[in-house]
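The lines below spell out each chain.
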Amino acid sequence: MVLLLISGTAGCFADSGSEGGDSGAGGSRLRVALAFPPAENLSPYGADATVLSRLGVTEGLTALDANGAAAPALASSWRRENDRTWRFTLREATFQDGTPLTPAAAVNSLTRAGKAKPAPAALSGVSLTVRARGADAVEVSTRAPDPILPLRLSSPSLAVFSPKAYDSQGRVDPAGTATGPFTLTKVTGTAAATLDRHDDYWGGRAQAAGIDARFIADGTARANALRTGDVDIAEAIPVSQAAALRQGTLRETATTRTTSLLLNSEAGPFREAGLRAAARAAVDTTALARGVYEGHADPGAGIYGPAVTWAAGKRTAPAGRAEAARADGVSVTLATYDNRPELPEAAQVLKQQLEKAGFRVRLVVREYSRLEGDALAGKFDAFVLARNSLVDTGDPVAVLASDHTCHGGYNIGQLCDTDVDRAVARAEATADTGKRQDAALAAEAVVLRTDAVVPLVHQRVLTGVATGVRGVLLDPYERTLIDTGTRR
């Protein structure tokens, strides 16, 4: 069956002041403060992919709509040919370097993403074969049946670029080579980026002339920049600064982001399940939600929080957890990052809770780009991470595969458990949407049984938007922020 859906997703997450249409003039430039400086030179294959998508630079074949379903982006429609193959029909679009979107370009981008090391989280455990079909279509095949492939291809890590974007070593330069409404023209290290309007964008001419983005890791500094009028939009406002913002400039969005304590189950003290159980028992999630987050978060219930509405009332308690052992002065290193300003405070509270339970805790706090490599290499005993459970694909199983399986590409807890891998594999093989959700919840319970991940809080993201700014995309999946209708 061919899926013919709405064209584009610009209105899916727009704020109440969003309006359509072209301004008919040059438009003002938007000044934006982002929380996360580039960690990987703006490579689309890692954490920087969402920076590019939030600034309106990149697009994939599909996108996510407000309900978490696949919607058209560079593909105007698609159909399933058989259990392993899908055919995507491309729309007419132009890359920012002036060359047309072609099946060959889409094949090149997706093939290169599939060969990237480490693999993008959206492709964890998935092998793609992509072929051009005629003048306007591509065929995507997977080694095993993949019922959620259109969702998977919505990942910001699977954006499509002009052939000019790639060098001989497989690196991707997104400057002027993507398809979105804004063209990246200049990057000043990890401090700033300049973007200009892509006037030939297939979805219509953006109302803003461009974007001047600043990467400001300090949350108070971002709030101050909004307060003083230096920026128009500031993401991830600290809860401690919320009350100090001018009335009408703070937007709160329920998201699918969960902050968790990840315990290194491969090496160090938390290799012992009893000590992981002791750490989990020491955590008071209500104190974190009410104290650190000042009520702008809910106590952790699982990997999926209350914004994942289908999980409500269906979660089952983990069975067979280890008995808590005595800590007796065991020394552990707890790390987190300060781009999300509540995390260091949450880590400090966790330090006190763990020490009360008998652990000796050394706290490490750095900016995320200076911490990610060590975290993925398992150099910390414990790590506090804020993770959007649906950001990679919109599929609830994807975060389990990437974060908690033996070969997951974002497995900070270093978890490698046969029962977990089996449960995740069962969920991945389930095609029916409702049954897949049930299988994801069953796998979640198996992951939580290991105590390698302790859900702390489910976040509501605070965004600062200056008076007069319209069309900001407040997205529960945190993939979008600025689009054609965003303006001041």
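The model shown is predicted, which means the values in this text are computed figures rather than measured ones.

Calculation notes
- Residues numbered from 1 in each chain as written.
- Predicted model: local features only at pLDDT ≥ 70, side-chain atom pairs only at ≥ 80, totals over all residues.
- Heavy atoms only, no water.
- Phe/Tyr/Trp six-rings, centres within 6.5 Å; stacked < 30°, edge-to-face > 60°.
- Lys NZ or Arg CZ within 6 Å of the ring centre and 35° of its normal.
- Helix = DSSP H or I, 4+ residues; strand = E, 2+ residues; numbered from the N terminus.
- Expected span 1.5 Å × (residues − 1).
- Buried < 20%, exposed > 50% of the residue type's maximum accessible area, 1.4 Å probe, protein only.
- 1 Å grid on protein atoms, 1.4 Å probe; cavity = no way out; pocket = protein on both sides within 12 Å on 5 of 7 lines; lining within 4 Å.
- Points joined across faces, edges and corners; volume = space filled by probe spheres on them.
- Nonpolar A, V, L, I, M, F, W, Y, C, P; charged D, E, K, R; others polar.
- Arc of directions from axis to C-beta.
- Polar contact = N/O pair within 3.5 Å; in protein donor to acceptor, adjacent residues only side chain to side chain.
- Contact = heavy atoms within 4.5 Å.

Novice: Can you help me understand the packing of aromatic side chains in this one?
Specialist: Centre-to-centre distance and the angle between the planes together describe a pair of aromatic rings. The full count for this structure, using the stated rule, is ten aromatic pairs. Members of the aromatic cluster, connected to one another through ring pairs, are Phe36, Tyr337, Tyr368, Phe380 and Phe383. We note Arg91 situated over the ring of Trp202; from NZ or CZ to the ring centre the distance is 3.9 Å.

Novice: Where do I start with helix H8 (residues 342-356) in this structure?
Specialist: An α-helix turns once per 3.6 residues; consequently, residues spaced three or four apart project the same way. With 15 residues, H8 extends 21 Å between its outermost C-alpha atoms, agreeing within 8% with the 21 Å of an ideal straight helix rising 1.5 Å per residue. Taken as a whole, H8 has its buried residues at Glu342, Leu343, Ala346, Ala347, Leu350, Lys351, Gln353 and Leu354. A positive phi of about 110° marks Gly358, the residue just after H8.

Novice: What's the story with the layout of surface pockets in this structure? I'm lost.
Specialist: Estimated volume of the largest pocket: approximately 870 Å³. Lining of the largest pocket is provided by 43 residues; of these, Gly46, Ala47, Asp48, Thr50 and Tyr368 occupy positions nearest its centre. Those elements that provide at least two residues to the lining of the largest pocket are helix H1 (49-54), helix H9 (372-376), strand E17 (382-388) and strand E18 (453-465). The class makeup of the residues in the lining of the largest pocket is 24 nonpolar, eight polar and eleven charged.

Novice: Would you explain helix H4 (residues 219-227) in this entry?
Specialist: Among all positions in H4, only Gly219, Arg222, Ala223, Ala225 and Leu226 are buried. Projected down its long axis, H4 shows its buried positions confined to an angular sector of 155°, all on one face. Capping of H4 at its N-terminal end is provided by Asp218; its side-chain oxygen lies 3.3 Å from the backbone amide nitrogen of Thr220. Just past H4, the residue Gly229 takes up positive phi, approximately 85°.

Novice: How should I be thinking about empty space enclosed by the protein in this particular structure?
Specialist: Vacant regions in the atomic arrangement are exposed by a probe of water-molecule size rolled over the atoms. Applying the stated criterion across every chain, the model contains six cavities of 30 Å³ or more. Approximately 140 Å³ is the volume found for the largest cavity. If you trace the largest cavity, you find 13 residues lining it, with Ser260, Arg387, Asp403, His404 and Val453 closest to the centre. Here the lining of the largest cavity is built from residues that sort into seven nonpolar, four polar and two charged.

Novice: What's the story with the environment of Leu263 in this structure? I'm lost.
Specialist: By the secondary structure assignment, Leu263 is in strand E13 (residues 250-263). It is 29 Å that separates the C-alpha atoms of Leu263 and Ser127, two residues lying 136 residues apart in sequence. When near neighbours in sequence (up to four residues on either side) are disregarded, Leu263 contacts Phe270, Arg276, Ala279, Asp381, Ala382, Gly413, Asp451, Ala452 and Val454.

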